[in-house]
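Letter by letter, the chains look like this.
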Amino acid sequence: MADEIEILGLTTHGLHIGLGPETALAPMSLLEREMSNVTEEGAAEWAAAQKSELEVAMTKLIKGESPPAPFDGLQLVTEG
């Protein structure tokens, strides 16, 4: 896949990431399991370190498949 993960920002719901036209949410519950203190910088660093795994997980979600743990908590964000 030519598209790469884009870190869109941290909200109270979690970290929003993009892959091409698709957007997914790594919920706070997932981030809290992965790091002791969730900050915007820390979440961005975590996503950058997990870039390949997040690309695979998002691709599976887009295809309607379940990604492997811990990325099974990712949720596709739908518009509207």
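Refer to the structure presented above.
In every chain, residue numbers begin from 1 and rise along the written sequence. Local features in this predicted model are restricted to residues of pLDDT 70 or higher, and side-chain atom pairs are both shown and tallied only at a pLDDT of 80 or more, whereas totals for entire chains, interfaces and linings draw on every residue. Side-chain descriptors were evaluated using all non-hydrogen atoms of the structure, hydrogens and water having been removed beforehand.

**Brief notes about the nonpolar core**
Judged by nonpolar contacts, the single largest core of 20 residues is most densely connected at Leu15, Ile17, Leu31, Trp46, Leu54 and Leu74. A run of DSSP states H or I qualifies as a helix once it reaches four residues; a run of E qualifies as a strand once it reaches two. Both are numbered from the N-terminal end. Those elements that place two or more of their residues in this core are strand S2 (14-19), strand S3 (22-27), helix H1 (28-34), helix H2 (40-49) and helix H3 (51-62). Looking at this core element by element, the count peaks at four residues for H3. By definition in these notes, contact holds between two residues if any of their heavy atoms fall within 4.5 Å. Look past the residues within four positions of Ile17 in its chain and what remains in contact with it is Ile5, Glu6, Ile7, Leu8, Glu22, Thr23, Ala24, Leu54, Met58 and Leu74. We define the nonpolar core as a collection of buried residues of types Ala, Val, Leu, Ile, Met, Phe, Trp, Tyr and Cys that are connected through side-chain atoms lying within 4.5 Å of one another. For every residue, the accessible area obtained with a 1.4 Å probe (protein chains only) is divided by the maximum for its type, and the residue is called buried under 20%, exposed over 50%, and partly exposed between those limits.

**Quick word on the pairing of S3**
Successive side chains on a regular strand alternate, one facing one side of the sheet and the next facing the other. Most of S3 is tucked away, with five of its six residues classed as buried. When DSSP locates at least two bridges between a pair of strands, those strands are taken to pair. Strand direction decides the pairing type here: S2 and S3, joined by six bridges, are antiparallel. In the strand pairing of S3, His16 is matched with Leu25. In sequence, S2 turns back onto S3 through a hairpin of two residues, with Gly20 there showing a positive phi of about 60°.

**Section: the environment of Ile62**
Secondary-structure assignment places Ile62 in helix H3. Along the primary structure Ile62 and Thr39 are separated by 23 residues, whereas in three dimensions their C-alpha atoms are 27 Å apart. In this structure, Ile62 is in contact with Leu19, Glu22 and Leu76, ignoring residues within four places of it in sequence.

**Thoughts on the pairing of S2**
With six of its six residues buried, S2 lies for the most part within the structure. Bridge count between strand S1 (residues 5-10) and S2: five bridges; the pairing is antiparallel. Note on S2: the bridge partner recorded for Ile5 is Leu19. Remark: three residues form the turn of the hairpin made by S1 and S2, two consecutive strands paired antiparallel.

**Description of H3**
In an α-helix there are 3.6 residues to a turn, and that puts residues three or four apart on one side. One fewer than the residue count of a helix, multiplied by 1.5 Å, yields its expected span. Along its twelve residues, H3 runs 16 Å from first to last C-alpha, staying within 8% of the 16 Å computed at 1.5 Å per residue. For H3, the complete set of buried residues consists of Leu54, Glu55, Ala57, Met58, Thr59 and Leu61. Where H3 is buried, its residues meet S1, S2, S3, H2 and strand S4 (75-77).

**Points about the packing of H2 against H3**
For any two helices packed against each other, one specifies the inter-axial angle together with the distance between the axes. Axis lines are fitted through C-alpha atoms, for helices just across the contact stretch, and the angle between N-to-C directions can take any value from 0 to 180 degrees. One way to put it is that H2 packs onto H3 with a least axis distance of 5 Å and a crossing angle of 80°. Comparing their axes, H3 and H2 come out roughly perpendicular. Along its contact with H2, which presents Trp46, Ala47, Ala48 and Ala49, the element H3 presents Lys51, Glu53 and Leu54. Any residue outside Ala, Val, Leu, Ile, Met, Phe, Trp, Tyr, Cys, Pro, Asp, Glu, Lys and Arg is labelled polar, Gly included; the first ten of those are nonpolar and the last four are charged. Residue composition of the contact of H2 with H3, by class: five nonpolar, no polar and two charged. Small angles under 35 degrees read as roughly parallel and large ones over 145 as roughly antiparallel, with 65 to 115 read as roughly perpendicular and the rest as oblique.

None of this, on its own, says anything about what the molecule does.
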